[in-house]
Amino acid sequence: MEASSIGQLLLTGVPGTELDPETARVFRKIQPGGFILFGRNIKAPAQLRKLIDDLRDLSGIEPIVTIDQEGGRVSRLKLIGNEPPNAQQFRDKDDVELIKRHGAVTARLLRIFGFNLDLCPVLDISFDDEADNSLRGRCYGKNVAQVIRNAQAFNTALQGGGILSCGKHFPGYSAAKIDAHHELPTIERTRAELDAEELAVFKYFSSKVDSMMIAHGFYPSLETTQTPSSLSRTVITDLLRGELGFDGLVMTDDLDMGAILHHYGLEETLRLAIEAGNDLAMICHRIAHVEEAHGILGRLPHAQTERALQGVAKFKKQLAPPDAFSEEEFRRRDAEVWDLRVAVLGAEAAAQRSPEDGKRSPVEIY
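All of the points below concern the structure found in this document. (Residues numbered from 1 in each chain as written. Predicted model: local features only at pLDDT ≥ 70, side-chain atom pairs only at ≥ 80, totals over all residues. Heavy atoms only, no water.)

## Quick notes on the overall build of the protein
Within the protein, the secondary structure is distributed over 14 helices and 10 strands. For the protein, the C-alpha radius of gyration of 19 Å lies close to 21 Å, the compact-globule estimate for 366 residues. A principal-axis box enclosing the C-alpha atoms of the protein has dimensions of 55 × 50 × 35 Å. Counting all 366 residues of the protein, 61% fall into the buried class. Sequence-distant contacts, at least 24 apart, represent 79% of the contacts inside the protein between residues at least 6 apart. (Helix = DSSP H or I, 4+ residues; strand = E, 2+ residues; numbered from the N terminus. Rg over C-alpha atoms; globule rule 2.2 N^0.38 Å. Buried < 20%, exposed > 50% of the residue type's maximum accessible area, 1.4 Å probe, protein only. Contact = heavy atoms within 4.5 Å.)

## Observations concerning the sheet that holds strand 7 (residues 166-170)
The strand order across the open sheet built from 3 strands is 7-8-9, with neighbouring strands paired in parallel fashion. Of all strands in the sheet, those bounded by a partner on one side alone are strand 7 and strand 9 (249-252). Taken pair by pair, the neighbouring strands of this sheet meet at an average axis angle of 25 degrees, ignoring direction. Here strand 7 runs beside strand 8 (residues 211-214); their pairing, made up of 3 bridges, is parallel. What sits directly across from cysteine 166, in strand 8, is serine 211. (Pairing = 2+ DSSP bridges. Axes fitted to C-alpha atoms, helices over the stretch in contact; angles between N-to-C directions.)

## Some details on the pattern of salt bridges
In this structure the tally under the stated criterion is 35 salt bridges. A salt bridge links glutamate 97 to lysine 100, with the nearest nitrogen and oxygen atoms 3.2 Å apart. With glutamate 97 and lysine 100 both in helix 4 (residues 96-111) and 3 residues apart, this pair spans about one turn of that helix. Notably, a salt bridge pairs aspartate 195 with arginine 191, separated by 2.9 Å at the nearest N-O pair. Of the two residues, aspartate 195 and arginine 191 both sit in helix 6 (residues 191-196), 4 residues apart, roughly one turn of that helix. Salt bridges sharing common partners tie together Arg108, Arg111, Asp323, Glu329, Arg332, Arg333 and Glu336. (Salt bridge = Lys/Arg side-chain N within 4 Å of Asp/Glu carboxyl O.)

## Examining helix 5 (residues 144-160)
Between the first and last C-alpha of helix 5 there are 24 Å, a value that for 17 residues agrees with the 24 Å anticipated at 1.5 Å per step. Listed in full, the buried residues belonging to helix 5 are Val144, Val147, Ile148, Asn150, Ala151, Gln152, Ala153, Phe154, Asn155, Ala157 and Leu158. Looking at the packing, one finds that the buried side of helix 5 touches helix 3 (87-93), helix 4, strand 6 (117-118), helix 6 and helix 7 (198-205). For helix 5, the N-terminal capping position is held by asparagine 143, with its side-chain oxygen 3.3 Å away from the main-chain nitrogen of alanine 145. Looking one or two residues past helix 5, glycine 162 carries a phi angle of roughly 90 degrees, positive in sign. (Expected span 1.5 Å × (residues − 1). Polar contact = N/O pair within 3.5 Å; in protein donor to acceptor, adjacent residues only side chain to side chain.)

## Digging into the packing of aromatic side chains
Inspection of the entire model under this criterion finds 6 aromatic pairs. With centroids separated by 5.1 Å and ring planes inclined at 80 degrees, the aromatic side chains of tyrosine 204 and phenylalanine 205 adopt a geometry described as edge-to-face. Judged by relative accessible area, which is 0%, phenylalanine 205 ranks as buried. Three or more aromatic residues link up through ring pairs in this structure, and these residues are Phe113, Phe325 and Phe330. (Phe/Tyr/Trp six-rings, centres within 6.5 Å; stacked < 30°, edge-to-face > 60°.)

Structure, rendered in structure tokens:
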């Protein structure tokens, strides 16, 4: 990839359930490296597959097409089908075979629509199951060994089904006391504590997951200035790349979250993100600004953007094409989600879906 491919450094949201002419024009012009879809993009199975086919058709380089399909309330596809159990429910069931089954079913479900990356697994340790920091129900374990066992079972099965994985939220976000969707949390963990717990998990997965997502958090034990981890060279280049040896794709969490949006303008955000060592800058909701973002990236130092472009190109060599689509096949795969839900929760509890009111965190309704 050359500098003319600078749009490859953007992972952008999409406005609606179909591509309007203006959005198609912009995407065709700037050639984003990937697209992330949310509930606003999902209305019906055939509609979703057409939207993804259209995104792929306008892309000169095969795009990353991704989604947050974890389980429970963070399961975008529950809008058109069944809701998988969440990580905590799998943790409490304590049957690793069911987690493997979840990874395989998730891969089959995503491939029929044309997704090639799932923003999973969550690698955070739950220090408090009720913490109001957006992670409620999303953690596979309460200690290092439990997270490694459960998250790796999902990760291996997902990858085995032809979907790439993403470990999140580096360097460990679960000690946050506030939700980064609203404001930047300060995470008061000593380096020794991080090494013993959060970073022990990420070190294990540094050779297992295909990509890593960087949390928006300020870690005083890692940074002397109040720099969010997602914009920190110390966290990404020195710690993740250097100490942990991760050589896969690195992406920011959504740069439209309050933790970033309230403190940085778009130009400074993108400059710091690439300078820090991210390969992809994620803009989920300010889609009207992606053309501006493309221009900003084009003005960054060549050495930085070339490094990131090489990271994206390397990752894209692993992308798998979609499965053939039919409504009937989707229904078959979606029925596997229901069967899994019953196996984990029992028939009565399986009938109760997660609330979708977003009262705890915007992650529920994005």
